Structures are given as C-alpha cells and as structure tokens.
2 protein chains.
Amino acid sequence: MSVGIRHDDLRRRNRAMVIAAVRRAGQPSRTEIAATTGLSHSTISAISSDLIGEGILTESKPSEAGSLKRGRPQVGLSLNPEAAAVMTVVLSLNFLSVAVIDYAGQVISEEQRRLDTLTMSRDALIGECTAIVRRRLEDPDLDVRSIARIALAIQGITDTRSRAMLWSPITPHTDIAFADILEDEFGIPATMENDCNMMAIALRWRDPDRYRDDFIAILLSHGIGMGLVLKGELFTGTHSSGGEFGHMIHQPKGALCRCGRRGCVEAYAGNYAIWRNARQLGEDAEPVADVSDADMRALATAARERDGPEREAYRKAGEALGYGLGSLFALIDPAPVAMVGVSAAAFDLIEPALREAIAQTAGGQHSKSISFDTEPNELPLIREGCAMRALTFVDQEIFAPGVQARAGLVGKNVA
Amino acid sequence: MSVGIRHDDLRRRNRAMVIAAVRRAGQPSRTEIAATTGLSHSTISAISSDLIGEGILTESKPSEAGSLKRGRPQVGLSLNPEAAAVMTVVLSLNFLSVAVIDYAGQVISEEQRRLDTLTMSRDALIGECTAIVRRRLEDPDLDVRSIARIALAIQGITDTRSRAMLWSPITPHTDIAFADILEDEFGIPATMENDCNMMAIALRWRDPDRYRDDFIAILLSHGIGMGLVLKGELFTGTHSSGGEFGHMIHQPKGALCRCGRRGCVEAYAGNYAIWRNARQLGEDAEPVADVSDADMRALATAARERDGPEREAYRKAGEALGYGLGSLFALIDPAPVAMVGVSAAAFDLIEPALREAIAQTAGGQHSKSISFDTEPNELPLIREGCAMRALTFVDQEIFAPGVQARAGLVGKNVA
DNA sequence: AGTATTTTTTCGAGGCTCGAAAAAATAGGG
DNA sequence: CCCTATTTTTTCGAGCCTCGAAAAAATACT
C-alpha cells in the first residue's frame, strides 16, 4: 500500500526533477532550475555537475539575448543529444511510421510505409512492425546501442500497463502484446500506447500555457477517441487505456455503432456516421470500413454550400459530441478541448449544434467560456507525443534510476 | 510546477506514513509497520518513539490472541484517543447532525436536530450550523482546545478546495462558504465536503478489501449523487466536487430534471422521478420537493406485488442508471459499485433493467462480473466518512506538519 | 536454568541538502 | 586600463535522516 521514502530516493527524485526542468525549459541556468524546483543552489550545482559528468546534460553558451546584465553570466544547461535515442512507432489505419529521435528531441531518421492493416494476418502485421524497426536499427548512420526505448502508438484500446493492444479498429486481430514482442525481439524496453493519449501529451508540450493541468484532446476521425489530462496527469482507465469517449451512450437504442452496440457518440460523429447520415442511409446501415479524407472534405464542402443532408449530418455529429461532452463535463468539470483529425477541419459545421447541445447539459453551465481549438492533422501530434513519452521514460527510469520499482510508486502516469 | 524534495520533507512524510499505518491497521507492531512501509526497523523505531513522546501514539498491550509465538512479544501501537478530537457536521435535507470524535475514531458527543432547510433563510441556515457547533464546543465534558478540525458534509456541489457549498438541493441558497464561516467563528480549521465523497471514504474504511483502489458509491435518494475513488484517490472535478453522475445525460431532451434541464439520469432514477413515473404524471411534471422514505418504501412494496406503473418506474430508473454507468465505465472501466440510500433497499426492482442496459454499452463488456452492494442508510456512512476525513487531516497536517505547503503538493486528495 | 527465537533499541557510517562564504565571470565607471 | 559592483556558480562544514549490524530485551521451549 503506502510506502515510505528512503534516503536514496531523495537524490533520484531530485535528479529526475533537474532533468525534467531542463527538458521543459530548454536552456535554463542553474539558478533558474533552483528557482523552479525550490531546491538550494548547492544541491542543483551538485546534481548538474553529476549529470554533466555522466554526459546527460551539457553546458551551452550563455543565452545571447540577455547579455546586458551585469555579473557573471548564466550558463545554460541543455540535454545532450547524444546521451540516448528513442524510437517511435505509430501504427494507424493502412499506415505505419517509425522515427528515431535523439535525446534532445530531434528526429534523426525516419521511415513510413503504407500497408493494408484491415486484411493483413496477425503475423504479417507483427512482422511489418518488427521489420521496420529492424531496418531503422540497422541504419548504418545509427548507433544501435543508444536506442534506449521504443514507444509504439496505435488507434484503439491498450492496457493500463502499456504492454498490449487489446482492440483496434485498424485490424480484426485482438490482444497483441506489441510491447513484449518488440522487447523480446530487440532487447529494448518498449511500451504500447494509445494514440489519443499521445496526442494529449504532445499538445501539452506544444502549448503548455493552454494545455496545462486539465484538458481534453478529441480525435474526430473514422472513430472518436479521447486523450484526457486531469490534474497534470494522463488519465487512463483502471484496466485499459480508457477514456472511451466515443463509446459513451448518446442515444439509448440509437444508431448502429462500429463496435456493434447502439447509440454511441461515435455512431453519430465518426466519419462513417457522418457519411452514413449525409448519404441518408439510415441509422441501421452497416458502418463502412473507411471513408477517405478527400471524401470527407467533399462532404464538408457540400455541407457549407447548401442546407441538405450533409449539413444535417454534421449537425447530428455536433449534437452527439455536445451531449457527450456535457456528460463528461458533469463528471470532470469543463476544460479546454482540442479537436484533432480530418473532421476537425469541419468544426465550423459541427460547433453550432455542439454548443447548443452542451448548453442543455449540467456540464455546459458556462458553455460560452469553453474553448475549442482545432488541429486537422493527428499523425504529427501522435508522433511527437510518442517521442516525449519515450524520452521522459529515459529521463526518469534510465537517467534517474531508483530502487527497484516499489508498490505504490508504480503506474503513475506523467503526462 | 514540479518541485524538489527537501531533506526535511523526508521525516515529515515518513511520520505521516507511520501514523497512517497505525490508523489503518489498528494495533500494528513496529515490525509490521516496517514491513508495510518498507522502511527499516531503526527508522520505524525512531519515528514511533518520537510519536509516543509527543502523545500521538501509545503502546498497547501485546495482542492477546497471538501469544503462542516464541520470542519477544510484539508491542502494539495505537492512536492515543486523547491526542486530538475532531468534529463532523452533516447537513442534509431537513436534518442537521453533529458529532465529536476522538483521535482514535470513537464518538464522544453528538447532537441531532430537525429543521426545515428548504424554507429557511440563508442566515438562519448558517446560524443553525454555528449554533449547534457552539453547543458542542461548550459541552462541559469537552476540552474545547482539543478540537483540531471540523469537517462539514452537505448534499450538493462543493468546490474543489473544500471551502464552500456552491449549490445544494436542500436549500435554495447558493455559494455559502461554510468552511470559512466556521473557521472565522471558532478559529478551528474547517472543510466543506460533498456527502457522496464522504460515503466513498467511509466505505473504504469499512471494507478495504472490496473498496480499495477503484470503486463507486452511488447515492440513490431524492437526487442521485456519486463518490468516486480512482487509483486510490478520491476523484473530484477540477473546479467543483465533481462526479455529478446524476446529471449525465441519459436521454437528450428527455424527462424534466430537478436541475431544470432535461434527460439527466436523475430525472429517471431520483426518488421524485420514480414517484412521478409511478403516479404516471408524465415526464414534464414538475419534480416534487420531497418524497418521504415511507412513501418510497410503499412504492417498492407495490412494485413487488404487481406489474403496474410502480414496477415500470423502477425499471426506468434501472435503465437510466445502467446506461449512465455504462457511459461512466466507458471512461474509467468497470469497478465495484455500492448503492446507498432509500432506493438501494429497492435495488432488487432496479437491478434487472440496470444490468440489461449496462450490457448494451461499451462499459458493460463484462457486465456479469460487475458487482453491486447495497446500503440503505446513508447518514451513518456520511458521518463516518467525515470523521475519517477530518482525522486524516489531523494526521497529516497537524501531526506531520511540513514545510509550508508548496506548489505541486497541494490539493492531493487521499481517500 | 539455559537455549532458541523474535522484537526492539542502539550506534556508527554514509548520504543528502542547506546556508554561508568563497570563487568566478562579467559590466560599468573613472 | 584598472578597480568596483553585481550576479552566478562552487566549495565546505553542519545538521539530519535512513540504514545495517549488533546488542539488548522479552518470551517459549526443553
């Protein structure tokens, strides 16, 4: 249950804190770090001296701009790009992409590949993933030994321990323990992450002012996904990656959802649902497997041009999202929302109905003040999030290694 | 943002840990504490010696039962009842109750009082609360100086910082900063808690095996409330006490809710909703102010006797609760549920429809394994929860006082 | 009464952070 | 060009804290 703090944990945690401060701030001086962490100058000096000695941090030239001050100039500390490297693997519908990223966060090498994820066999899918990773590892420019961690993201449900994909819309196969597979194959620690959670992490790094302690990232794509950060931590379910916003019930016994159930938010707001409604196929029509981005854009254009079934389809999507958000907000209170994915580009068509619906709910009490941001392209976000996820793992578990993980401290997500 | 750990925090945290271990275990020996906290025997010995010296813990006679072991017998440590005392104030519909509790958790003194909360003026309501507290404080048997904290619970929405009631069904008045009012009046630190959160805390103390890290307490009363513990911590909204399960939307544009909106879960499952449906008044009928427990029991009896509108009313309640839980479970994964309140006594009437509905949802994937427990009487639970809340505050903030609360450490709820 | 066993305390060692003072590095002024 | 004021960084001793090992305490068994 609860566990005491041992003396040796102290240094470990404070080391992690210093590394985190440098990762966040970019090039902070020792003095700045002392200020943000609340530790004394002596401590910061000692820790950063260690970290520099170990090749984790480097001293960079004093920041040029502010050299009009008197006194000894500050020396910036920055992450040593060569301290380590991580790999990200993003598996989405018909698309596989991998990148190698240095310790400072720069992409060193990448590869992308189309494949037919829906029809591939289980082994073929796993094979493609290991093969693409192997090709990157065998890249002659790359020092393989420096790859400290692999983070793999997939659309769908993963388990809380970040080991396996439990279910995904991009493949009929279930329960693939990707993290274990990659670990066994390459001997590199790996984790399996949910795509929307990675989006949330990326948003936080991109715009920490807007996306700080509490916010929501919603993926408006073929399906509807969500990444949720609450009180500064990534929120996951207790068993699975959780946050299945798309499968909250909007309308009991309502429209047929891709998941086989009825009335889910997704069954009104997913691309296939918008498509189905725009084509007036009826709510019982079997969801189509995929709608191309081009088709969705055409739908949006049509909806903007005339008041017809297309516009009504987006209105319904907005209504479902609005009631869903309203129920969510009843539980967690309103927070900034980022709408990500193709249909985020059509948010102008969705927003009016969404706001009207949310105003009908308990969570929408201050519906005017709830702010939405849109980002049509989810892939770069997912990749960035994966990279930061893997890098912070290295920060914490390799460069600030502690006593062997002890009960009560394990499984805390840091967004 | 993130903050370093200072050397002096160490002792403070480990002290708190030892106190917590004693409060949980009852009469643990030093050896047991060392085992559960992971700290060394020397450390536990030193800390407990301090705590005994300060009068916080006492040594109790070795536990009798297990005296068949060889070796030096264990000396049990227990909380010194006289170390401090706390007061709980529970304000519910037409009822005010207060109790004084010693440091070991025993009730020393209590008082209860009926009043007409719905019609009272704001000042009268506040006045009743301060008066009843004052009467307890002036109790000649009581050493006033030892009251270290007051925890006040109310049905309704409170703010995250536990200072004020924002809205409550028991009174038309809003935004009453009860915690500040009591603090100013008596100079004793006070907090304002949500009733369902206190229920959750109490359940955890009562049955830590069933209610450990993740569980849900649902109040089935005139309104529907929820207390939620996730990953071992009380879950609250980001601004308010949150967890307004009763106001998740079950049916867009559906039945009229007491909150003025439409289609909330409560508008189908609250006592007034069951009453309204049983009387076949229609979904637009204005919610009645109160239904007596006796009337609700009569309703349940009628529903058990014949298949009529009463039974249908309970079925509708079950359906709304089921879909609501399904949506909730989509977000957080299934967890054990405790149904508390008058209508929990009619859970046999509610359960079939509830299970059927939940099986239609994403969160109900393993609906058979979701287990429900019932507890018809909410008041004792709320009182117990309040007491434990106040006592753990004393444990942590008075008997293990730290550096002045620093950013990042504040606002963590410990259930 | 003596031995084995278990719990608790004692004691010295090693680490960590802190505050104060010293050292280092620069800008400004005469 | 040198000296002083200023700011950052390092150094050093002090004070705590936890730990492991050994000692002390308290009981059951033989």
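- Per an unreviewed UniProt entry, chain A carries the name Putative NBD/HSP70 family sugar kinase and comes from Rhizobium loti.
- Its UniProt record gives chain A a comment under Sequence similarities (unreviewed entry), which states: "Belongs to the ROK (NagC/XylR) family."

## Notes on the protein's contact with DNA strand C
1) Next: Looking at DNA strand C, there are 27 residues lining it, with A:Ser40, A:Thr43, B:Thr31, B:Ser45 and B:Gly71 nearest.
2) Next: The contact atoms of DNA strand C, taken as those within 4 Å of the protein, divide so that sugar and phosphate hold 70%.
3) Next: A:Ser40 places a side-chain nitrogen or oxygen 2.7 Å from a phosphate oxygen of DNA strand C.
4) Next: Secondary-structure elements contributing two or more residues to the surface near DNA strand C are helix 1 (7–25) and helix 3 (41–53) of chain A together with helix 2 (30–37) and helix 3 (41–53) of chain B.
5) Next: Of the residues contributing to the surface near DNA strand C, the split by class is 4 nonpolar, 14 polar and 9 charged.

## Some points on the pattern of salt bridges
Residue and element names in this part refer to chain A.
1) Next: For the coordinates displayed, the defined rule picks out 54 salt bridges over all chains.
2) Next: The residue glutamate 111 makes a salt bridge to arginine 136 at a minimum N-O spacing of 3.0 Å. Of this pair, glutamate 111 sits in strand 5 (residues 107–114) while arginine 136 sits in helix 4 (residues 122–137), placing them 25 residues apart in sequence. As far as the burial class goes, glutamate 111 and arginine 136 line up, both buried.
3) Next: Among the ionic contacts, a cluster of salt bridges with common partners joins Glu111, Arg135, Arg136 and Asp139.

## Topic: the packing of helix 10 (residues 309–332) of chain A against helix 11 (residues 347–359) of chain A
All names here are of chain A.
1) Next: Packing of helix 10 against helix 11 brings their axes to within 7 Å, and their N-to-C directions diverge by 40°. Classified by the angle between their axes, helix 10 and helix 11 sit oblique to one another. Pair helix 10 / helix 11 crosses with right-handed handedness. The segment helix 10 lies against helix 11, with Tyr314, Arg315, Gly318, Glu319, Leu321, Gly322, Tyr323, Leu325, Gly326 and Phe329 engaging Leu349, Ile350, Ala353, Leu354, Ala357 and Ile358.
2) Next: Counted by class, the contact of helix 10 with helix 11 contains 11 nonpolar, 3 polar and 2 charged residues.

## A closer look at the packing of aromatic side chains
Aromatic rings considered in pairs are described by the distance between their centres and by the relative angle of their planes.
1) Next: Per the stated rule, a full pass over the model turns up 7 aromatic pairs over all chains.
2) Next: With a centroid separation of 5.1 Å and an interplanar angle of 80°, the aromatic rings of A:Tyr103 and A:Phe399 are classed as edge-to-face. Placement of A:Tyr103 in the loop between strand 4 (95–102) and strand 5 and of A:Phe399 in the segment after helix 12 (378–398) is noted, with a sequence separation of 296 residues between them. A:Phe399 carries the same exposure label as A:Tyr103, and that label is buried.
3) Next: The side chain of A:Lys231 reaches across the aromatic face of B:Phe235, ending 5.6 Å from its centre.
4) Next: Over the face of the ring belonging to B:Phe393 we find B:Arg149, whose NZ or CZ atom lies 4.0 Å from the ring centre.

## Digging into the sheet that holds strand 4 of chain A
Residues and elements named next belong to chain A.
1) Next: Across the sheet, 5 strands lie side by side as 5-4-3-6-9; this open sheet has mixed pairing. Among the strands making up the open sheet, the edge pair consists of strand 5 and strand 9 (190–194). Each strand axis lies, on average, 15° off the axis of its neighbour in the sheet, ignoring direction.
2) Next: In this sheet, strand 4 lies alongside strand 3 (residues 85–92) in antiparallel orientation, the contact comprising 8 bridges.

## Considerations on the environment of A:Val394
All names here are of chain A.
1) Next: Structurally, valine 394 is set in helix 12.
2) Next: Taking the C-alpha atoms as reference points, valine 394 and alanine 16, separated by 378 residues in sequence, lie 10.0 Å from one another.
3) Next: Valine 394 has contacts with Ala84, Val86, Tyr103, Ala148, Arg149 and Phe399, leaving out every residue within four places of it along the chain.

## Observations regarding the protein's contact with DNA strand D
1) Next: Among the 28 residues in the neighbourhood of DNA strand D, the closest are listed as A:Thr31, A:Ser45, B:His7, B:Thr43 and B:Arg70.
2) Next: Close to the protein, within 4 Å, the atoms of DNA strand D are drawn from sugar and phosphate at a rate of 70%.
3) Next: Taking A:Val75, its main chain carries an N or O atom lying 2.8 Å from a phosphate oxygen of DNA strand D.
4) Next: The side chain of B:Asn14 places a nitrogen or oxygen atom 2.8 Å from a phosphate oxygen of DNA strand D.
5) Next: Of all elements in the fold, only helix 2 (30–37) and helix 3 of chain A together with helix 1 (7–25) and helix 3 of chain B reach the threshold of two or more residues within the surface near DNA strand D.
6) Next: Looking at side-chain class alone, the surface near DNA strand D contains 4 nonpolar, 15 polar and 9 charged residues.

## Some words on the relation of the copies chain B and chain A
Copy one and copy two of the chain differ by a rotation about a common axis and a shift along it.
1) Next: When chain B is fitted to chain A, the best match, at an RMSD of 0.1 Å, comes from turning it 180° and sliding it 0.1 Å along the axis. In symmetry terms, the pair is related by a two-fold rotation axis. Identified as the residue of chain B closest to the rotation axis by C-alpha distance is B:Gln251, at 3.1 Å.
2) Next: A share of 100% of the interface residues of chain B reappears at the interface of chain A, consistent with the copies meeting face to face through the same patch.

Parameters and conventions
- Residues numbered from 1 in each chain as written.
- Chains lettered and ligands numbered in written order.
- Predicted model: local features only at pLDDT ≥ 70, side-chain atom pairs only at ≥ 80, totals over all residues.
- Heavy atoms only, no water.
- UniProt positions renumbered as here; feature names shortened; annotations may be inferred.
- Near = heavy atom within 4 Å.
- Polar contact = N/O pair within 3.5 Å; in protein donor to acceptor, adjacent residues only side chain to side chain.
- Helix = DSSP H or I, 4+ residues; strand = E, 2+ residues; numbered from the N terminus.
- Nonpolar A, V, L, I, M, F, W, Y, C, P; charged D, E, K, R; others polar.
- Salt bridge = Lys/Arg side-chain N within 4 Å of Asp/Glu carboxyl O.
- Buried < 20%, exposed > 50% of the residue type's maximum accessible area, 1.4 Å probe, protein only.
- Axes fitted to C-alpha atoms, helices over the stretch in contact; angles between N-to-C directions.
- Parallel < 35°, antiparallel > 145°, perpendicular 65-115°, else oblique.
- Left-handed = near helix turned anticlockwise from the far one by under 90°.
- Contact = heavy atoms within 4.5 Å.
- Phe/Tyr/Trp six-rings, centres within 6.5 Å; stacked < 30°, edge-to-face > 60°.
- Lys NZ or Arg CZ within 6 Å of the ring centre and 35° of its normal.
- Pairing = 2+ DSSP bridges.
- Least-squares fit on C-alpha atoms with pLDDT ≥ 70 in both.

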